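# Structural characterization, general
Here is what each chain is made of, one letter per residue.
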Amino acid sequence: MKKNIELKKKILADYISEDIAKDRLLYSSCNDDKTLLDKFGWSLSGLTEKQVCDSKKKYGDNIIVSGKKDSAPKRICAAFINPFTLVLFALAIVSAITDILLADSGDKDCTTVVIISTMVLISGILRFVQETRSGNAAHKLQKMISVTSCVQRAYSGKAEIPPEEIVAGDIVHLSAGDLVPADVRILSAKDLFINQSALTGESEPVEKTSNISRTENIALTDICNLAFTGSTAISGSATAVAVTVGKDTLFGSLAKTLAQKPEKTEFDKGVNSVSWILIRFMLVMVPVVFFINGFTKGSWTDALLFTILVAVGFTPEMLSMIVTTCLAKGALAMSKKKTIVKNLNAIQNFGAVDILCTDKTGTLTCNDVVLEYHMDVNGKEDIRVLRHAYLNSYFQTGYKNLMDSAIISKTEEEENKNPQLLDLSENYVKVDEIPFDFDRRRLTTVVKDKYGKTQMVTKGAAEEMFAVCAYAECDGVVKPLTAEVRSRVLNTVGKFNDEGFRVLVIAQKSNLSSDRAFTAEDECNMVLLGYLAFLDPVKETYANIIKYIK
């Protein structure tokens, strides 16, 4: 995983060196909307037909350059040409000359030529057919994926069009679940979170805003008002303008690198190594055998025939066919498990793995987070903590993760047992929200009940929550947040963390004015209510999985 992230960072660095695309993106991130649009002659109402044609001519099509499919002749050559088959081809030709062309009519024998040719043909045909079928299956899967993007143009208004038809200057509308179709500058956004792991290797989504960015000493993908081709909108909505398209995008640079000829697999290297050892051995031994036989027996024709037999004996004719047959059988078995193997030699790499390290989520665990505990500062179950957590998770419109879902599910399970949890979604209305970001590591919602009481509810990591809490509620009484209370909470959080739980702290602040916009500066002087402990349960089969791994 670390190696992959480093590789992607190198590719991103190469992309940044392409100053034309870089300058356009950096200019768009550092200037306000009007300056950007005026600079390139674009408009919020969209491009005209003439502008679309001009943009396509100037900046190119929005098509990612990828590796072209090899032609049939090239794939046939690749299937048949390797050191083993080349040696067998050479032996078959020599055998044809000596056993058929130069032999007397009564001594003609084509057995050796037929056997060698059959082995080579079977091996090559098996490889060609299997890899062609795999390639076709992968191509069909790609054709099944059909996406569109919402684009606004002056002559057609908002319309869903294929991403390939987007040009630089198009106004793009993004919503949750959309693929970002080009490298875009965010013009306006509402709780927009983008998953750009395909570019950076980082799995956590990042928030994107329309704020003008300072780009000194910051990675291109970390600029808050830029989103890139290949990333996905996880939540929220936005309006953006396409700045670079196609091969000029960051993803286009990545695709060009991936389109290069891949390195040989360990299997390829191993086969080639053995092949060249055999070839070198033959180049030494065959001439020695030929001259010794010729000088001792006096018949150079017989010596040549015997030398050919020795060379054939050195070459394992069946090896190429046996290896290809085994790999093809493995590819067939994997296809039944819904896995497509495009390169047969890659199977050996999987078989050579001694230890496979993978993320535990979904392997040893169920990938279904549940809320195990909702406790007050003293470590006792408290329904008020759950109620406030629900108000925070239910009314937030940003990225809802598994823990938000766990809070909502737990509340719905408990509402029949406790009247304090009944109809919370109907008895409260959302006033405002301060979305989660990875600097604050907090999420705040502001809600108002039917009596007009407005309160702010915040949840987040313990350290970040201590920074905004001045009080703590202990035994129903609000007291200053002392060092002793802080230490008690941290000890409890640490204990749960050691046991594999993920812990969030919940806090609230009441009696607020609801007729204003709330910002992160309002997250202060809050009352610490308690904490939530989450767990991703292990699978029932985890013992067998660990036993199998060992």
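Residues numbered from 1 in each chain as written. Predicted model: local features only at pLDDT ≥ 70, side-chain atom pairs only at ≥ 80, totals over all residues. Heavy atoms only, no water.

### Topic: the overall build of the protein
Broken down by element type, the protein carries 19 helices and 15 strands. Counting only residues that meet the buried cut, the protein has 41% of its 550 residues in that class. For the protein, the share of sequence-separated contacts (at least 6 apart) that also reach a separation of at least 24 residues comes to 69%. Carbon and sulfur atoms provide 58% of the accessible area of the protein, an area that totals close to 30300 Å². (Helix = DSSP H or I, 4+ residues; strand = E, 2+ residues; numbered from the N terminus. Buried < 20%, exposed > 50% of the residue type's maximum accessible area, 1.4 Å probe, protein only. Contact = heavy atoms within 4.5 Å. Areas by Shrake-Rupley, 256 points an atom, 1.4 Å probe, with all protein chains shown as cover.)

### Description of the nonpolar core
Membership of the largest hydrophobic core comes to 27 residues, with the highest contact counts inside it found for Val489 and Leu528. Mapped onto this core, the elements with two or more residues apiece are helix H17 (462-466), strand E12 (469-474), helix H18 (483-498), strand E14 (502-510) and strand E15 (526-535). Leu528 has contacts with Val377, Phe466, Cys469, Tyr471, Ala472, Glu473, Leu481, Val489, Val505, Ile506 and Ala507, leaving out every residue within four places of it along the chain. Counting residues in each nonpolar core, the second largest holds 24 residues, with Leu371, Met403, Leu504 and Phe534 among its members. (Core = buried A, V, L, I, M, F, W, Y, C linked by side-chain atoms within 4.5 Å.)

### Details of the environment of Met403
Secondary-structure assignment places Met403 in helix H15 (residues 402-414). For the pair Met403 and Asp368, spaced 35 residues apart in sequence, the C-alpha separation works out to 9.1 Å. What Met403 contacts, discounting residues up to four positions off in sequence, is Val369, Arg502, Leu504 and Phe534.

### Description of the pairing of strand E3 (residues 171-175)
A large share of E3 lies buried, amounting to four of its five residues. Here three bridges tie strand E1 (residues 149-153) to E3, and the two strands are oriented antiparallel to one another. In the strand pairing of E3, Cys150 is matched with His173. Inspection of the sheet shows E3 paired to strand E7 (residues 232-244) by five bridges, in the antiparallel sense. (Pairing = 2+ DSSP bridges.)

### Topic: the packing of aromatic side chains
Taken as a whole and judged by the stated rule, the model has nine aromatic pairs. Plain terms: the ring middles of Phe40 and Trp42 are 4.7 Å apart, the flat faces sit at 20° to each other, and that makes the pair stacked. Look at Phe291 and Phe295: their rings are 6.4 Å apart centre to centre, the planes differ by 25°, and that puts the pair in the stacked class. In this pair, Phe291 and Phe295 both sit in helix H10 (residues 266-297), four residues apart, roughly one turn of the helix. With relative accessibility at 43%, the residue Phe291 sits in the partly exposed group. (Phe/Tyr/Trp six-rings, centres within 6.5 Å; stacked < 30°, edge-to-face > 60°.)

### Side note on unusual backbone geometry
Residues other than glycine seldom take positive phi values, yet Asp423 does so here, at roughly 55°. We note that Asn511 has phi near 55°; this positive angle belongs to a residue other than glycine.

### What about a nonpolar patch on the surface?
Taken together, the side chains of Ile93, Ile97, Leu101 and Leu102 present a nonpolar region at the surface, about 430 Å² in accessible area. Within the element layout of this structure, Ile97 appears in helix H6 (residues 83-101). (Patch = residues over 30% accessible without salt bridge, like charges linked within 9 Å, V, L, I, M, F, W, Y side chains within 5 Å. Salt bridge = Lys/Arg side-chain N within 4 Å of Asp/Glu carboxyl O.)

### Let's talk about the pairing of E7
Judged from the 10 bridges that link them, strand E4 (residues 183-195) and E7 form a sheet pairing that is antiparallel. If you follow Arg185 over to E7, its bridge partner there is Val241.

### Regarding the confidence of the model for the protein
When pLDDT is averaged along the protein, the result is 79, and 80% of the positions lie at 70 or above. Mean pLDDT across the elements of the protein bottoms out in helix H1 (residues 2-16) (46) and peaks in strand E11 (residues 454-460) (94). Of the regions scoring below 50 in pLDDT, residues 7-18 engages in 24 contacts with residues more than four places distant in sequence or in other chains. (pLDDT = per-residue confidence, 0-100.)

### Some words on the side chain of Thr249
Here Thr249 is to be found in the loop between E7 and helix H9 (250-258). Take Thr249: its relative accessible area is 0%, and that puts it in the buried class. Only 2.7 Å separates the side chain of Thr249 from the backbone oxygen of Gly246, close enough to count as a polar contact. (Polar contact = N/O pair within 3.5 Å; in protein donor to acceptor, adjacent residues only side chain to side chain.)

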